[in-house]
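# Summary of structural features
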Amino acid sequence: MNTRELLKQRLATLDALTRGGSLRRGSSQSDDVAAQLTSQWNAEKRLIKRVLSEPADPAETLSHWRERTENFRDKFPEREGWTDQQGNDWNAALVLQAIDNLFEHIENWSSEVETFDDE
């Protein structure tokens, strides 16, 4: 399975998580956690969709996004994010978190499964 297919699989998982009903309602504290997770998942979904729309290798595109987002934070430390040409709002912290998470998934999916002998 290649990186593009792995990202499509992750997107399907995130779609299921954000479709609703995945998180139980409870106290205001658990509602805050649910809102935070949903925000993270939605940011990751949008990022995956954007990365998959590019013809370049997804890992290269993610690296490019990381570089640009870090440059944005360095240049505008007072701003939380930006609005792209399509009118989408992007939160820099969520973008960087999503990139790290996606690279972790790619690495985990790409690594060989180790077997251990019970000796």
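The text that follows walks through the structure, step by step, so that each part is easy to find. (Residues numbered from 1 in each chain as written. Predicted model: local features only at pLDDT ≥ 70, side-chain atom pairs only at ≥ 80, totals over all residues. Heavy atoms only, no water.)

Along the backbone of the protein chain there are 4 helices and 2 strands. Counting from the amino terminus, the protein chain carries its helices and strands in the arrangement α-α-α-β-β-α. Per-residue burial for the protein chain yields a buried fraction of 29% across its 119 residues. Relative to all contacts within the protein chain whose residues are 6 or more apart in sequence, the contacts with residues 24 or more apart total 65%. In the form shown here, the protein chain has an accessible surface area of approximately 8400 Å², with 44% of it arising from carbon and sulfur atoms. (Helix = DSSP H or I, 4+ residues; strand = E, 2+ residues; numbered from the N terminus. Buried < 20%, exposed > 50% of the residue type's maximum accessible area, 1.4 Å probe, protein only. Contact = heavy atoms within 4.5 Å. Areas by Shrake-Rupley, 256 points an atom, 1.4 Å probe, with all protein chains shown as cover.)

For the coordinates displayed, the defined rule picks out 5 aromatic pairs. Centre to centre, the rings of Trp65 and Trp82 are 6.5 Å apart; their planes meet at 40°, and the pair counts as tilted. On the criterion of sequence distance, the pair formed by Trp65 in helix α3 (residues 58–75) and Trp82 in strand β1 (residues 81–83) is long-range, its members being 17 residues apart. Accessibility classification places Trp65 together with Trp82 in one group, the buried group. Ring geometry for Phe72 versus Phe76: centroids 5.3 Å apart, planes at 45°, classification tilted. Counting every residue linked through ring pairs, the aromatic cluster contains Trp65, Phe72, Phe76, Trp82 and Trp90. (Phe/Tyr/Trp six-rings, centres within 6.5 Å; stacked < 30°, edge-to-face > 60°.)

Another point: the nonpolar core. Note that soluble globular proteins tend to have their nonpolar side chains buried in a common cluster. Within the largest apolar cluster, 19 residues are counted, with the highest numbers of intra-cluster contacts made by Leu7, Leu47, Ile48, Leu62, Trp65 and Trp82. Breaking this core down by element, the ones donating at least two residues are α1 (3–18), α2 (28–53), α3 and α4 (92–110). Setting aside anything within four residues of it in sequence, one finds Trp82 in contact with Trp65, Thr69, Phe72, Asn88, Asp89, Trp90, Ala92 and Val95. (Core = buried A, V, L, I, M, F, W, Y, C linked by side-chain atoms within 4.5 Å.)

Right, let's talk about the layout of surface pockets for a bit. Estimated volume of the largest pocket: approximately 410 Å³. What lines the largest pocket is a set of 14 residues, and nearest its centre among them are Arg50, Trp65, Arg68, Trp82 and Asp84. Every element with two or more residues in the lining of the largest pocket is listed here: α3 and β1. Classifying every residue of the lining of the largest pocket by side-chain character gives 4 nonpolar, 6 polar and 4 charged. (1 Å grid on protein atoms, 1.4 Å probe; cavity = no way out; pocket = protein on both sides within 12 Å on 5 of 7 lines; lining within 4 Å. Points joined across faces, edges and corners; volume = space filled by probe spheres on them. Nonpolar A, V, L, I, M, F, W, Y, C, P; charged D, E, K, R; others polar.)

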